[in-house]
Amino acid sequence: WADPGQNNDLSRYVRNLSFRNDIKEFQIGAQFFLFPNYGRMNNRRENNVYLFVGGAIYLHEPRAKVPGADYQKDQTGSVSIPEAGKWVKLRPLGTEGQNLGIVEPYSNTGFSIPLAIGWTTRLANSNFNISLEIGLRILFTDYIDDVSTKYVSLDKFENDLARVLSDRSSEPTSYKGVDREHDKGAIYLNPAHGFYSSAYIGSGMDGSVRGNPDKNDMIVVTQLRLSYLYRQVINSKFR
């Protein structure tokens with residue numbers, strides 16, 4: 001949440017960071033049904049509840065949409081950016097100083113623990129089940145969103161695109177185009193890095209909070225699943 005009217009949410013509103021991450025996952029695990037199934041396939045329970053636990057490896061690449069102008073240099077939007085409007089990969093840019101030796105680069109692969117609970121119903125006279133499932137992906141990284149530690153002072157960046165996407169607090173709109181007028185509760189200051197005369201609090205100040213490195217990221221997943229049971233289970237609490 002990033003409601004500028006709430007004290008706990010104001011900092012996220014001020015930072016104005018956004019991302020998209022298309023995650024590819026290979027998963028293996030087991031379903032444990034709450035009620036046992038007895039008999040032949042077509043006599044299995046019409047409805048059941050299950051728990052799922054497993055392991056997964058994934059490939060991820062966080063991206064961000066480049067703003068229409070370099071508002072750090074000029075808040076009127078007169079300084080253009082060649083990549084404006086494009087979705088670009090954040091990891092190679094090193095938005096928290098990974099390419100400057102300030103923090104370690106993060107990997108685009110990882111391991112997660114999927115946990116889920118689901119409800120399933122069988123389709124009459126068939127081997128198909130339809131399930132509705134909600135679950136978690138317990139991760140061991142804090143960089144699914146490319147945000148974890150502290151801001152790096154903007155004058156340290158050699159790459160202009162990395163600088164722009166490191167600190168988005170000076171942009172007048174969110175990436176969805178929602179207006180971010182400076183009268184919604186954010187506080188002004190005059191940062192010393194010299195790129196602009198006034199900005200939201202925390203903007204590119206060396207060492208100011210950008211993320212929370214004390215907690216890893218976590219993903220909530222809701223799935224509608226169609227399953228085909230290819231073996232006949234006679235007396236089992238799981239498949």
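Figured I'd write up the structure that's included with this text.

Scoring rules and cut-offs
Residues numbered from 1 in each chain as written. Predicted model: local features only at pLDDT ≥ 70, side-chain atom pairs only at ≥ 80, totals over all residues. Heavy atoms only, no water. Phe/Tyr/Trp six-rings, centres within 6.5 Å; stacked < 30°, edge-to-face > 60°. Helix = DSSP H or I, 4+ residues; strand = E, 2+ residues; numbered from the N terminus. Buried < 20%, exposed > 50% of the residue type's maximum accessible area, 1.4 Å probe, protein only. Lys NZ or Arg CZ within 6 Å of the ring centre and 35° of its normal. Salt bridge = Lys/Arg side-chain N within 4 Å of Asp/Glu carboxyl O. Polar contact = N/O pair within 3.5 Å; in protein donor to acceptor, adjacent residues only side chain to side chain. Contact = heavy atoms within 4.5 Å. Pairing = 2+ DSSP bridges. Patch = residues over 30% accessible without salt bridge, like charges linked within 9 Å, V, L, I, M, F, W, Y side chains within 5 Å. Areas by Shrake-Rupley, 256 points an atom, 1.4 Å probe, with all protein chains shown as cover.

What about the packing of aromatic side chains?
Next, step 1: In the structure shown here, the tally under the stated rule is four aromatic pairs.
Next, step 2: Taking 4.4 Å as the distance between ring centres and 5° as the angle between the ring planes, the aromatic pair formed by Y106 and Y143 counts as stacked. With Y106 in the loop between β5 (87–89) and β6 (109–122) and Y143 in the loop between β7 (128–139) and α2 (160–166), this residue pair connects regions lying 37 residues apart in the sequence.
Next, step 3: The class of Y106 is buried, set by a relative accessible area of 9%.
Next, step 4: Judged by relative accessible area, which is 9%, Y143 ranks as buried.
Next, step 5: Between R20 and the ring centre of W87, over which it is positioned, the NZ or CZ distance is 4.6 Å.

A closer look at unusual backbone geometry
Next, step 1: For N125, which is not glycine, the phi torsion reads 55° and is therefore positive.
Next, step 2: Relative to the assigned elements, N125 resides in the loop between β6 and β7.
Next, step 3: Phi at D146 is positive, roughly 65°, even though this residue is not glycine.
Next, step 4: Among the residues examined, D146 registers a relative accessible area of 2% and is labelled buried.

Focus: the pattern of salt bridges
A pair can form between side chains of opposite charge whenever their charged atoms are brought close.
Next, step 1: Tallied over the full model, the rule gives eight salt bridges.
Next, step 2: Note that R210 is salt-bridged to E96, the shortest N-O span being 2.9 Å. On the criterion of sequence distance, the pair formed by R210 in the loop between β9 (199–200) and β10 (218–228) and E96 in the loop between β5 and β6 is long-range, its members being 114 residues apart.
Next, step 3: R210 sits in the buried class, given a relative accessible area of 2%.
Next, step 4: We classify E96 as buried; its relative accessible area is 1%.
Next, step 5: Here the salt bridges do not stand alone but share partners, grouping D70, D160 and R163 into one network.

With respect to the side chain of S131
Next, step 1: If you trace the backbone, S131 turns up in strand β7.
Next, step 2: What makes S131 buried here is its relative accessible area of 2%.
Next, step 3: Here the side chain of S131 touches T120 through a polar contact of 2.9 Å, side chain to side chain.

Structural notes on the environment of L226
Next, step 1: With respect to the secondary-structure elements, L226 resides in strand β10.
Next, step 2: For L226, a relative accessible area of 56% puts it in the exposed group.
Next, step 3: Along the sequence, L226 and I130 sit 96 residues apart, while their C-alpha atoms lie 4.7 Å from each other.
Next, step 4: When residues no more than four places from it in sequence are discounted, the contact partners of L226 are F128, N129 and I130.

What about the sheet that holds strand β1 (residues 20–21)?
Next, step 1: The strand order across the open sheet formed by three strands is β1-β4-β5, and the pairing between neighbours is antiparallel. Whereas interior strands pair on both sides, the edge strands pair on one side only; in this sheet they are β1 and β5.
Next, step 2: Here strand β4 (residues 62–65) pairs with β5 via three bridges, running antiparallel. Its bridge partner being in β5, K65 is matched across the sheet by W87.

A look at a nonpolar patch on the surface
Next, step 1: Taken together, the side chains of F32, L51, V53, L115, I117, I134, L136, M218 and V220 make up a nonpolar region of the molecular surface, amounting to roughly 790 Å² of accessible area.
Next, step 2: The set of elements that each furnish at least two residues to the nonpolar patch consists of β3 (47–59), β6, β7 and β10.
Next, step 3: Along the chain, the position of M218 falls in strand β10.

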